[in-house]
Amino acid sequence: MGWKSRLQEIANSKPLFLTIYATVIIGILFSFVYVFSAVYSGNSSSAPSSWWLPQSSSDSPSAAQQPTVGEALPPAQQAQSKWMKPIWEVPPSGSKMPPLKTFQLTKELVQQRVRDNVVVVTFGNYAFMDFILTWVKHLTDIGVDNLLVGAMDTKLLEALYWKGIPVFDMGSHMSTIDVGWGSPTFHKMGREKVMLIDSVLPFGYELLMCDTDMVWLKNPLPYLSRFPEADVLTSTDSVVPTVADDRLDVWQQVGAAFNIGIFHWRPTDSAKKLAKEWKELLLADDKIWDQNGFNELVHRQLGPSVDDDTGLVYAYDGSLKLGLLPASLFCSGHTYFVQAMYQQLRLEPYAVHTTFQFAGTEGKRHRLREGMVFYDPPEYYDSPGGFLTFKPSIPKSLLLDGEHNVASHFSLVNYQIKQIRTALAIASLLNRILVMPPLWCRLDRLWFGHPGVLAGSMTRQPFLCPLDHVFEVNVMLKELPKGEFGPGINIREYSFLDNPAVPRQVKESWLDVQLCQAGSQNCQVSNSTSRPGVLKLPKLSNEETLKTAFSSFKDVKVIQFSSMQDAFLGFTDKKREEKFRNRMKRYVGIWCCVENHTPGHIYYDMYWDEKPDWKPTPPQTREDDHPPW
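What counts, and at which threshold
Residues numbered from 1 in each chain as written. Predicted model: local features only at pLDDT ≥ 70, side-chain atom pairs only at ≥ 80, totals over all residues. Heavy atoms only, no water. Helix = DSSP H or I, 4+ residues; strand = E, 2+ residues; numbered from the N terminus. Buried < 20%, exposed > 50% of the residue type's maximum accessible area, 1.4 Å probe, protein only. Lys, Arg positive; Asp, Glu negative; His and termini not counted. Salt bridge = Lys/Arg side-chain N within 4 Å of Asp/Glu carboxyl O. Contact = heavy atoms within 4.5 Å. Pairing = 2+ DSSP bridges. Axes fitted to C-alpha atoms, helices over the stretch in contact; angles between N-to-C directions. Parallel < 35°, antiparallel > 145°, perpendicular 65-115°, else oblique. Left-handed = near helix turned anticlockwise from the far one by under 90°. Nonpolar A, V, L, I, M, F, W, Y, C, P; charged D, E, K, R; others polar. Arc of directions from axis to C-beta. Polar contact = N/O pair within 3.5 Å; in protein donor to acceptor, adjacent residues only side chain to side chain. Disulfide = S-S within 2.5 Å. Phe/Tyr/Trp six-rings, centres within 6.5 Å; stacked < 30°, edge-to-face > 60°. Lys NZ or Arg CZ within 6 Å of the ring centre and 35° of its normal.

## A closer look at the side chain of Lys-321
Thinking step 1. Looking at the element boundaries, Lys-321 is found in strand β10 (residues 320–324).
Thinking step 2. Although Lys-321 is buried, it makes no salt bridge; Asp-231 carries the closest opposite charge, 4.0 Å away.
Thinking step 3. Among residues more than four places away in sequence, those in contact with Lys-321 are Glu-229, Ala-230, Asp-231, Val-232, Val-306, Val-313 and Tyr-314.

## Focus: the sheet that holds β10
Backbone-to-backbone hydrogen bonds join strands into a sheet, with any given pair of strands oriented parallel or antiparallel.
Thinking step 1. Spatial ordering of the open sheet is given by β3-β2-β1-β4-β7-β6-β10-β9-β8, a layout of nine strands whose pairing is mixed. Since the sheet does not close on itself, it has two edges, and those belong to β3 (167–169) and β8 (302–305), each with one partner. Taking each pair of neighbouring strands and ignoring which way they run, the sheet shows an average axis angle of 35°.
Thinking step 2. Two elements, strand β2 (residues 147–151) and β3, share three bridges in a ladder whose sense is parallel. Counted as the bridge partner of Gly-150 is Phe-168 from β3.
Thinking step 3. Sitting on the sheet, helix α5 (residues 129–141) touches β1 (118–124), β2 and β4 (206–210), and the angle it makes with β2 is about 175°.

## Here we look at the environment of Met-170
Thinking step 1. Within the element layout of this structure, Met-170 appears in the loop between β3 and α7 (184–200).
Thinking step 2. Spatially, the C-alpha atoms of Met-170 and Phe-123 are 8.5 Å apart, while their sequence positions differ by 47 residues.
Thinking step 3. Filtering out sequence-adjacent residues up to four positions away, Met-170 remains in contact with Phe-123, Gly-150, Ala-151, Met-152, Glu-192 and Leu-196.

## Some words on the pairing of strand β19 (residues 534–538)
Thinking step 1. The buried count for β19 comes to four of five residues, which makes it a mostly enclosed element.
Thinking step 2. The pairing of strand β18 (residues 510–516) with β19 spans five bridges and is parallel. Counterpart to Asp-512 in the pairing with β19 is Val-534.

## Re the packing of helix α15 (residues 406–430) against helix α20 (residues 574–585)
Thinking step 1. Remark: α15 packs on α20, axes separated minimally by 12 Å, with the N-to-C direction vectors making an angle of 130°. Taken together, the axes of α15 and α20 are oblique relative to one another. Handedness of the crossing formed by α15 with α20: right-handed. Residues Arg-421, Leu-424, Ala-425, Ser-428 and Leu-429 of α15 form the contact with α20, whose participating residues are Arg-576, Phe-580 and Met-584.
Thinking step 2. Here the contact of α15 with α20 is composed, by residue class, of five nonpolar, one polar and two charged.

## Description of helix α6 (residues 154–162)
Thinking step 1. If you check which residues of α6 are buried, you get Leu-156, Leu-157, Leu-160 and Tyr-161. The buried residues of α6 all sit within an arc of 130° when viewed along its axis, so they share a single face.
Thinking step 2. Structurally, the start of α6 carries an N-cap: the backbone nitrogen of Lys-155 is 3.2 Å from a side-chain oxygen of Asp-153.
Thinking step 3. Positive phi shows up at Gly-164, right after α6, with a value of about 80°.

## A word on the pairing of β10
Thinking step 1. Here β10 lies mainly inside the structure; five of its five residues are buried.
Thinking step 2. Here β10 shows two buried faces, one formed by Leu-320, Leu-322 and Leu-324 and the other by Lys-321 and Gly-323.
Thinking step 3. In terms of strand pairing, strand β6 (residues 232–236) meets β10 through three bridges, oriented parallel. Looking at the pairing, Val-232 lines up with Leu-322 of β10.
Thinking step 4. Summarising the sheet, strand β9 (residues 313–315) and β10 pair through three bridges and their orientation is antiparallel. Paired with Val-313 across the bridge in β10 is Leu-322.
Thinking step 5. If you look at the hairpin formed by β9 and β10, you'll find four residues sitting between the two strands, and Tyr-316 has a positive phi there, around 65°.

## Some words on the state of the cysteines
Thinking step 1. Under the defined criterion, the tally for this structure stands at three disulfides.
Thinking step 2. Through a disulfide, Cys-516 is tied to Cys-523; the S-S separation comes to 1.9 Å. Measuring the twist about the S-S bond at about 85°, one finds the Cys-516-Cys-523 disulfide to be right-handed. We note that Cys-516, like Cys-523, is buried.
Thinking step 3. By sequence order of its bonded cysteines, the chain has the disulfide arrangement 1-2, 3-4, 5-6.

## Thoughts on the packing of aromatic side chains
Thinking step 1. Applying the stated rule across the entire model yields 28 aromatic pairs.
Thinking step 2. Pairing Tyr-161 with Trp-162 gives two aromatic rings, centres 4.9 Å apart and planes at 75°, and the pair type is edge-to-face.
Thinking step 3. A relative accessible area of 36% places Trp-162 in the partly exposed class.
Thinking step 4. Ring centres of Phe-410 and Trp-614 lie 5.8 Å apart, and the angle between their planes is 45°; on these two criteria the pair is classed as tilted. Here Phe-410, found in helix α15, pairs with Trp-614, found in the segment after β24 (602–603); they are 204 residues apart in sequence, far enough to count as distant.
Thinking step 5. A relative accessible area of 1% means that Phe-410 is categorised as buried.
Thinking step 6. Taken together, the aromatic side chains of Trp-216, Tyr-223, Phe-227, Phe-330 and Tyr-350 make up a single cluster linked through ring pairs.
Thinking step 7. The cationic tip of Arg-581 hangs over the ring face of Tyr-607; the distance from NZ or CZ to the ring centre is 4.0 Å.
Thinking step 8. Residue placement shows Arg-586 over the ring face of Trp-629; its charged tip is 4.5 Å from the ring centre.

## Some details on the pattern of salt bridges
Thinking step 1. Scanning all chains against the criterion turns up 25 salt bridges.
Thinking step 2. For the salt bridge of Asp-130 with Arg-365, the shortest nitrogen-to-oxygen distance reads 2.7 Å. Highlighted residues: Asp-130 in helix α5 and Arg-365 in helix α13 (residues 360–370), separated in sequence by 235 residues.
Thinking step 3. Arg-421 is the salt-bridge partner of Asp-609, the closest N and O atoms lying 2.8 Å from each other. Of the two residues, Asp-609 is situated in the segment after β24 and Arg-421 in helix α15; the sequence distance between them amounts to 188 residues.

## Concerning the side chain of Ser-95
Thinking step 1. Topologically, Ser-95 is positioned in the loop between α3 (75–83) and α4 (107–111).
Thinking step 2. Here Pro-92 takes part through its backbone oxygen, which lies 2.7 Å from a polar atom of the side chain of Ser-95.

Here you go:
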């Protein structure tokens, strides 16, 4: 029976039946619309096994398939709203790892992570897993989810997939270990970056390319969008500010290299031409460092300015419009950790890149930890053995009096080294992790001769210097053979106890240790406290005294000494002391460098105080040029 005759029948029925029929028909119509809508939009959902992964091109809704009800959004934005999956949303329980080919870099895959035509990309191998997680966490915390991570090995790809991070296969088949700066594999990673840029730009999306050893502190995308005419925006190694606000750096005043750890590409003809030539340059000579190749090409022509307002400059082939991101906002390891340039200019930085440091990957990680911008697992902040800390004591004269020169710098640092050496010994005896104190320096550390601080920089004297300026952080965190170096001594960064990630139960489990003169009132070896949370400890305690005094405080999370001056007399076990000394000698590095002298570096010595004639002078002969052991 047709709909027309059925409606006529209803009209001739009694009111009750009219109501029933009307209700049934309305329900049928509603159900029809709902089912039709569900069938129509079925492609927007993904099966558990594919989760965030790209659909094949045949399954992806085209612009012609988009609904046209009301005022429809542009097709690209409509597709984005259907495809973009939440980051950190792990695959459903019981799902299987998709085939490797599913993760191939395609335009469809990138499209799923694009927002406002921009995608943010980093890449690495499994050795940098924690850096990548930190990178992603910072972006998602500031509301940026249009990101992708390139995996250079299958182990990283699988690990990121199961953590809910959008990842693609770079097809690199790279080792999963840390390759080390400057190694052949390191240069291979650089070439992979260039090939990646050359592959993505033809897709038509803007690309914010980043190294994994940097973190985002503020959403950079609104800033980058202020320069729509720029083909490329790049960070630099400049340590001298050229502007005091958030404008681009003045290109005529930047004499340092352009740093490719943070740079933004638009898919223009000029940018694609540069990427292609850059790739060909590196593939033709595997000895060329990717950053040097980039600088060589863009400096082929540099100038004139594009206009009087934006700060852009014509570069490369004369048509590429280049902008230099301000060093105070897109910070290097020097402008952020040494100069604190952004603080002095009262600016809010967008990013920090761990350049200008001296301890490899471990040094980069420690720098970010010092800045409280590295994400570690919960157990990092609550070790079963607990922590040891102390209040460093530095005379005002060592910090501020006299000239800032090599002699005054070493006097200041050596004074601190001695206290740290004592703290490391006590931490070793109590089997606790030492929270390093803030370290003060008068002179900067660089790779070349300099007058103490770089001319034009905003480095203050004295300044809070990163631990890797004095200590070999990579050695301190390395597992050394116990037979030669004794038990390991773990450390934490000086800002550790200020970190919000440290749980309350750690911060509230606290014992203050006050040094006192042996024999004075209430100054005796005891495992009880004179008042809650305070322990009196005789100065110049030996190994056995310390073990006895703290035997009943093993459950206390944090033990803080009021001072390390004269806190420890020495080891009773001479074999243990010898091993400890072997370890300590390798914990300190060099200061670099005296001007007009080869070599110009000077070795720090953990036991400088045992050598009455010790002076901070560079090696005079080739035979003298060795660490102090």
